Each structure stands twice: as structure tokens, then as C-alpha cells.
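Secondary and tertiary structure notes
For reference, the chains in residue letters:
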Amino acid sequence: MSMIKEFREFAVRGNVVDMAVGIIIGGAFGTIAKSLVSDVIMPPVGLLLADVDFVDLFLMLKGEGPFATLADAQAAGAVTLNYGVFINNVISFLIVAWAVFFLVRGLNRVKRKEEQAAPVEPPPTPEVPEDILLLREIRDNLKR
């Protein structure tokens with residue numbers, strides 16, 4: 001079997017296509033979550049914490065002079081430890097994890113309801129060969 005044919009069979013399998021769709025939607029959802037954190041959640045939190053912008057929270061490791069923003073420090077070539085950006089990313093992760101948790105939880109509930117609603121069928125009885133039936137009949141006649 002040629003490698004191209006094997007790859008084609010692999011690529012068109014349902015699981016691979018489903019996984020690709022999930023990755024694409026997950027990337028888009030990650031972008032939405034990042035925007036939610038940086039544009040909606042963090043500004044009020046920063047306002048509550050004395051007008052702090054978390055993106056501009058950093059520790060200067062190497063460089064000259066104080067900088068008001070992280071962008072200024074990076075433009076000057078300073079080496080910084082960007083813990084504010086890290087905090088934003090942790091919050092983004094928690095939001096995505098929370099949303100995925102609710103998605104999986106909902107899917108599990110639907111799956112359980114389907115399993116409970118599905119009638120339990122007894123396993124099919126295997127068809128007994130004719131010679132076994134004949135032997136049983138002979139055995140039963142001998143017993144009598």
C-alpha cells in the first residue's frame with residue numbers, strides 16, 4: 001500500500017476530521033476567551049485594584065530606567081518578567097476550562113439519559129445446530 005493512499009485513508013477517517021474541527025473551534029473559542037479576559041473582566045478588576053492594568057505588571061530584570069508600560073520596556077530592549085500577562089493567561093485558561101467542563105458535563109448528561117432510555121435487550125440466543133437437537137432428543141428418550 002502506498003504511503004499516499006495510507007495517508008488519505010488516515011486523513012478522511014471520521015475521528016481525524018472531528019478532531020480537526022474541534023481544534024479549529026477551540027482556537028476560535030480561545031480567542032474569544034482571551035478577549036473576554038483582557039477586554040471585559042480585567043479592566044473592572046484593575047479599576048477595583050487602584051486602576052492597575054494587569055498587562056503592565058512586570059518586574060524589570062535588566063534595563064535602564066523605570067517604564068510606565070510593558071510596551072515601553074520592551075521597546076527599550078529591557079528584559080522583563082511579565083507576571084501581569086501571565087495572570088491574564090491563567091484567567092483565560094480558567095474560563096476556557098470552565099466552559100469545557102460545562103460542555104463535557106452537558107454531553108455526559110445527554111449520554112446518560114440516552115443510555116437510560118435505551119431498552120435493554122437480552123442477548124440473542126444462539127441457534128442450536130440440528131445434530132445437537134437430535135442428540136438431546138435421543139438423550140431425553142433414553143431417560144424415559
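Below, the structure is looked at part by part. (Residues numbered from 1 in each chain as written. Predicted model: local features only at pLDDT ≥ 70, side-chain atom pairs only at ≥ 80, totals over all residues. Heavy atoms only, no water.)

Check the secondary structure of the protein and you find 5 helices and 2 strands. Overall, the protein is about 110 × 50 × 25 Å in size when its C-alpha atoms are taken along their principal axes. Per-residue burial for the protein yields a buried fraction of 9% across its 144 residues. Taking contacts inside the protein between residues at least 6 apart in sequence as the whole, the part at least 24 apart equals 43%. (Helix = DSSP H or I, 4+ residues; strand = E, 2+ residues; numbered from the N terminus. Buried < 20%, exposed > 50% of the residue type's maximum accessible area, 1.4 Å probe, protein only. Contact = heavy atoms within 4.5 Å.)

By the element assignment, A11 lies in helix 1 (residues 3-11). Note on A11: relative accessible area 27%, which makes it partly exposed. Distance in space between the C-alpha atoms of A11 and V40 is 39 Å, their sequence separation being 29 residues. Look past the residues within four positions of A11 in its chain and what remains in contact with it is V16 and V17.

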